[in-house]
Amino acid sequence: MKYNVALVGCTGMVGRKFLEILEERNFPVNELYLFASARSAGKEMTFSGANYTVEELKEDNIKNKKIDFALFSAGGSISLEYAPIFARYGAVVIDNSSAWRMDPEVPLVVPEVNPEDVKKHKGIIANPNCSTIQAVAALKPLHDKYGIKRIVYSTYQAVSGAGASGYNDLVEGYKGEAPKKFPYPIAGNLLPHIDSFLDNGYTKEEMKMVNETRKILHDDSIKITATTVRVPVLNSHSESINVELNNSFELEDIFELYKNAEGIILEDDVNNLVYPMPLDASGKDGVYVGRIRRDFSLDNGLNLWVVADNIRKGAALNTIQIAECMINK
């Protein structure tokens, strides 16, 4: 069976990656519809050797189409306005923005972690934050076997997570150009500031990781704190994750867990300097885990280093995997 698929925000960094991954994975596309803003309407994009014309995103261009899946990457305000419209006309919307993630009526899904939640949808499914996706993929095996008491996230997030403008800030910054996306130069610098600051002193990005982790793992009892940092890396996010487990563990059992975990690629051989790095993860589908070691400062403590391509697994790929999960179920 083939499906009619709409891409909303098709001309952006993630939207273009949607096209690439749909083709790579031979997703069963029947009709493909491309939507973007009025200024992008009329542009042509290529998929599987054929050219498709971008349409302006408006209800008149939606209602006459029988769309099965609408994959969104167009920002929160667009998602809030148009996701219900697509759903009303029969599509299942899978949204990349933060607009619907914490809505109790909307499943928040990472297929390797909570695939059963897709069944609860009412027309809209949310794709988690990029940094959350790779984190919960690594934490799920631990949570299932030992239970998790506390998590300390420290992230090192690539500029591609801020879109093409963030990417350009780094490239042009090394040429001496002033930043246009970030408040300070990112070239040769670190910015402990992703998204806007909240009254509690945390950024929205940090609180996304806290709240989304609990929702995806179905466990509000986990104590979580986060510091998210933008780093001068073009692509792929890295994370230092410190975990306090509820139960004791043997380190060799942790390694065995990750050898067999879905979607996880274990890279941990410090004697030969093998550990995950952004350059190696870019363009790959897996979540890479390494630097696994006991945290001797507390009982049942564990340290992990987790790296993944934030545009692929952290956005476009996870969205498409959600659609595949629905088809398979």
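Placed above this text is the structure.
Please read these numbers as outputs of a predicted model, since none were measured by experiment.

**Student:** Teacher, can you tell me more about unusual backbone geometry here?
**Tutor:** Most peptide bonds adopt trans geometry, and most residues besides glycine take a negative phi value. Positive phi outside glycine occurs at Asp 195, with the angle close to 70 degrees. Looking at where Asp 195 falls in the secondary structure, it is placed in the loop between helix H4 (163-173) and helix H5 (204-217). The backbone of Leu 273 sits at a positive phi, close to 55 degrees, despite the residue not being glycine. Within the element layout of this structure, Leu 273 appears in the loop between strand S11 (264-266) and helix H7 (278-281). You can call Leu 273 exposed: its relative accessible area is 61%.

**Student:** Would you mind showing me how to read a nonpolar patch on the surface here?
**Tutor:** A cluster of nonpolar side chains, namely Tyr 167, Val 171 and Leu 234, defines an oily patch on the protein surface of about 210 Å² accessible area. Take Val 171: it is sitting in helix H4.

**Student:** How do you make sense of the nonpolar core when you look at a structure like this?
**Tutor:** Nonpolar side chains tend toward joint burial in soluble globular proteins. Residues Phe 35, Phe 86, Leu 142, Tyr 153, Ile 241, Tyr 258 and Leu 304 are the most contacted members of the largest nonpolar core, which totals 58 residues. The biggest single contributor to this core is helix H3 (residues 130-145), with seven residues. Excluding its chain neighbours within four sequence positions, the residues that come into contact with Ile 241 are Ala 135, Leu 139, Ile 151, Val 152, Tyr 153, Leu 302, Asn 303, Leu 304 and Val 306.

**Student:** Would you explain the sheet that holds strand S12 (residues 287-295) in this entry?
**Tutor:** Strand pairs in the sheet, formed through backbone hydrogen bonds, run parallel or antiparallel to each other. Read across the open sheet, the six strands follow the order S9-S8-S10-S13-S12-S11; overall the sheet is mixed. Strands with a single pairing partner mark the edges of an open sheet, and in this sheet they are strand S9 (223-230) and S11. Going from strand to strand, the sheet's axes swing by 25 degrees on average, the running direction of each strand aside. Here eight bridges tie strand S8 (residues 148-157) to S9, and the two strands are oriented parallel to one another. Its bridge partner being in S9, Arg 150 is matched across the sheet by Lys 223. Running over the sheet, H3 touches S8, strand S10 (237-245), S11, S12 and strand S13 (301-308) and is turned about 35 degrees from S10.

**Student:** Sorry, what's going on with the sheet that holds strand S3 (residues 44-47) here?
**Tutor:** Strands sit in the order S3-S4-S2-S1-S5-S6-S7 across an open sheet of seven strands; the sheet is mixed. Either end of the sheet is taken by a strand with one partner, and the two such strands are S3 and strand S7 (124-126). The sheet shows a mean angle of 25 degrees between the axes of neighbouring strands, taken without regard to direction. Across four bridges, strand S1 (residues 3-8) lies against strand S5 (residues 69-72) in parallel orientation. Considered in S5, the bridge of Ala 6 is made with Ala 70. Of the strands in this sheet, S1, strand S2 (29-36), S3 and S5 touch helix H1 (residues 13-24), which is tilted by about 25 degrees from S3.

**Student:** What am I meant to see in the pairing of S3 here?
**Tutor:** In summary, the side chains of a regular strand alternate between the two faces of the sheet. Here S3 shows one buried face, formed by Met 45 and Phe 47, and one open face, formed by Glu 44 and Thr 46. Pairing analysis gives four bridges linking S3 to strand S4 (residues 50-56), with the strands arranged antiparallel. Its bridge partner being in S4, Thr 46 is matched across the sheet by Asn 51. A loop of two residues connects S3 with S4, the two strands running antiparallel in sequence, and Ser 48 in this loop sits at a positive phi of about 50 degrees.

**Student:** Can you walk me through the environment of Tyr 184 in this structure?
**Tutor:** Structurally, Tyr 184 can be placed in the loop between H4 and H5. In the structure, Tyr 184 is positioned 22 residues away from Ala 162 in sequence and 14 Å away in space, judged by C-alpha atoms. Residues within four places of Tyr 184 in sequence aside, it is in contact with Pro 179, Asn 189 and Leu 191.

Cut-off values and rules
Residues numbered from 1 in each chain as written. Predicted model: local features only at pLDDT ≥ 70, side-chain atom pairs only at ≥ 80, totals over all residues. Heavy atoms only, no water. Helix = DSSP H or I, 4+ residues; strand = E, 2+ residues; numbered from the N terminus. Buried < 20%, exposed > 50% of the residue type's maximum accessible area, 1.4 Å probe, protein only. Patch = residues over 30% accessible without salt bridge, like charges linked within 9 Å, V, L, I, M, F, W, Y side chains within 5 Å. Areas by Shrake-Rupley, 256 points an atom, 1.4 Å probe, with all protein chains shown as cover. Salt bridge = Lys/Arg side-chain N within 4 Å of Asp/Glu carboxyl O. Core = buried A, V, L, I, M, F, W, Y, C linked by side-chain atoms within 4.5 Å. Contact = heavy atoms within 4.5 Å. Pairing = 2+ DSSP bridges. Axes fitted to C-alpha atoms, helices over the stretch in contact; angles between N-to-C directions.

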